[in-house]
Amino acid sequence: MITFVGGLNHVFRRSANGFRKLTTVIEENKRWKSNVGFVGLGNMGIPMAKNLLKNGYGVVGNDVSAKQMNFFRSLDGAETADTLQQVAESSDAVITMLPESQHVLLAYTALLKSSKPDQLFVDCSTISPESSKKVSDMAQQKGCKFLGAPVSGGVVGAENGTLTFMVGGDESTLKEAEHLLSCMGSRWVYCGPAGSGLVAKICNNMILGMTMAALSEAMNLGIKLGVEPKVLASVINTSTGRCWASEINNPVPGAVDKQSPSNNDYQNGFKADLLLKDMRLGESLAEGMQTRTPLTRQTVDVYAHISKMGWGDKDFSIAYKYFKEQQS
């Protein structure tokens, strides 16, 4: 059993004879960035942290859920910290994967209190670009390095280590973080200064939401007209309608022989409420630029209804079930 005990930069393991020092991060740095803090052990965070463990990093995790903390502690090489200050103290680099802007701002207020000069922080959450810029400024004031690096690829990509990171911040800091990113993803794109990665991610997710809604609507129609789901999916995936939603995250149960959330009652995927949040962020950015986004507005309406139906915690591909159950 691994237990985190307060004490600057020390992690201890409980043994039969009490507590034995396991590592001292500052004194013992045999591996580059040997200890990584990971804040946010949800559907995305757990598999990302697992891939860091597989690549030889020690990972100190933190989450508001006791259940997630208990699960993470059961993984070989994983440790947990009860507070964010302890995460920062015991880590050379810290990765965060949190739901919304407010969570990220609160987390970094705590993390940076116990930060060390030149400590690296990478936020993989999808939040507003302005919030990411604010955190970047906070980190800079503490003499730390920060990247806003939201991801694309979903839970499947997180599990397979094939995520794409859309990075905003100092390009030289990205060079320093590349080894960490390579453990969790297969590609990273430098998008520009702080906040740029979030702009790219939000635009991507606007397309993702619209694509899933369109695919769900069309699959529902084709199936109601008598075409078998697998046949229809096969046609789409070898034709011009092919997309990530149709091939990897198909919304119809059994339509593809992949680990799509629809094959698991829409569990353990990208929550519909989070997709809705991202698309609303897109609307907000568009309003600020006086840019029309009518298709986004229609898709927001679909997912707002899905949320009201109590399906917000399900994978966003549940849009198919929404269309299927609508009365004509």
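Residues numbered from 1 in each chain as written. Predicted model: local features only at pLDDT ≥ 70, side-chain atom pairs only at ≥ 80, totals over all residues. Heavy atoms only, no water.

Novice: I would appreciate a short explanation of the pattern of salt bridges in the present structure.
Specialist: Pairing between side chains of opposite charge can happen when the charged atoms of each approach one another. The full count for this structure, using the stated rule, is 10 salt bridges. Measuring nitrogen to oxygen at the nearest pair gives 3.3 Å for the salt bridge that ties K133 to E130. Here K133 and its partner E130 are both found in helix α5 (residues 129–141), three residues apart, which amounts to about one turn of the helix. With relative accessibility at 33%, the residue K133 sits in the partly exposed group. Take E130: its relative accessible area is 53%, and that puts it in the exposed class. Residues K230 and D257 are paired through a salt bridge, measuring 3.0 Å at the closest nitrogen-oxygen approach. Of this pair, K230 sits in helix α9 (residues 229–236) while D257 sits in the loop between α10 (244–247) and α11 (272–288), and the two are 27 residues apart along the sequence. In this structure D257 comes out as exposed when scored by relative accessible area, which is 69%. (Salt bridge = Lys/Arg side-chain N within 4 Å of Asp/Glu carboxyl O. Helix = DSSP H or I, 4+ residues; strand = E, 2+ residues; numbered from the N terminus. Buried < 20%, exposed > 50% of the residue type's maximum accessible area, 1.4 Å probe, protein only.)

Novice: Could you clarify how one ought to interpret a nonpolar patch on the surface in this entry?
Specialist: On the surface, V227, V231 and V235 cluster together into a nonpolar patch covering about 220 Å² of accessible area. Within the element layout of this structure, V235 appears in helix α9. For V235, a relative accessible area of 45% translates into the label partly exposed. (Patch = residues over 30% accessible without salt bridge, like charges linked within 9 Å, V, L, I, M, F, W, Y side chains within 5 Å. Areas by Shrake-Rupley, 256 points an atom, 1.4 Å probe, with all protein chains shown as cover.)

Novice: Hey, could you run me through the environment of I223 in this one?
Specialist: Tracing the backbone shows I223 in helix α8 (residues 196–224). Residue class for I223 comes out partly exposed when judged on its relative accessible area of 21%. Spatially, the C-alpha atom of I223 lies 9.7 Å from that of V252, the residues being 29 residues apart in sequence. Excluding anything up to four places from it in sequence, I223 contacts P229, L232, V252 and Y320. (Contact = heavy atoms within 4.5 Å.)

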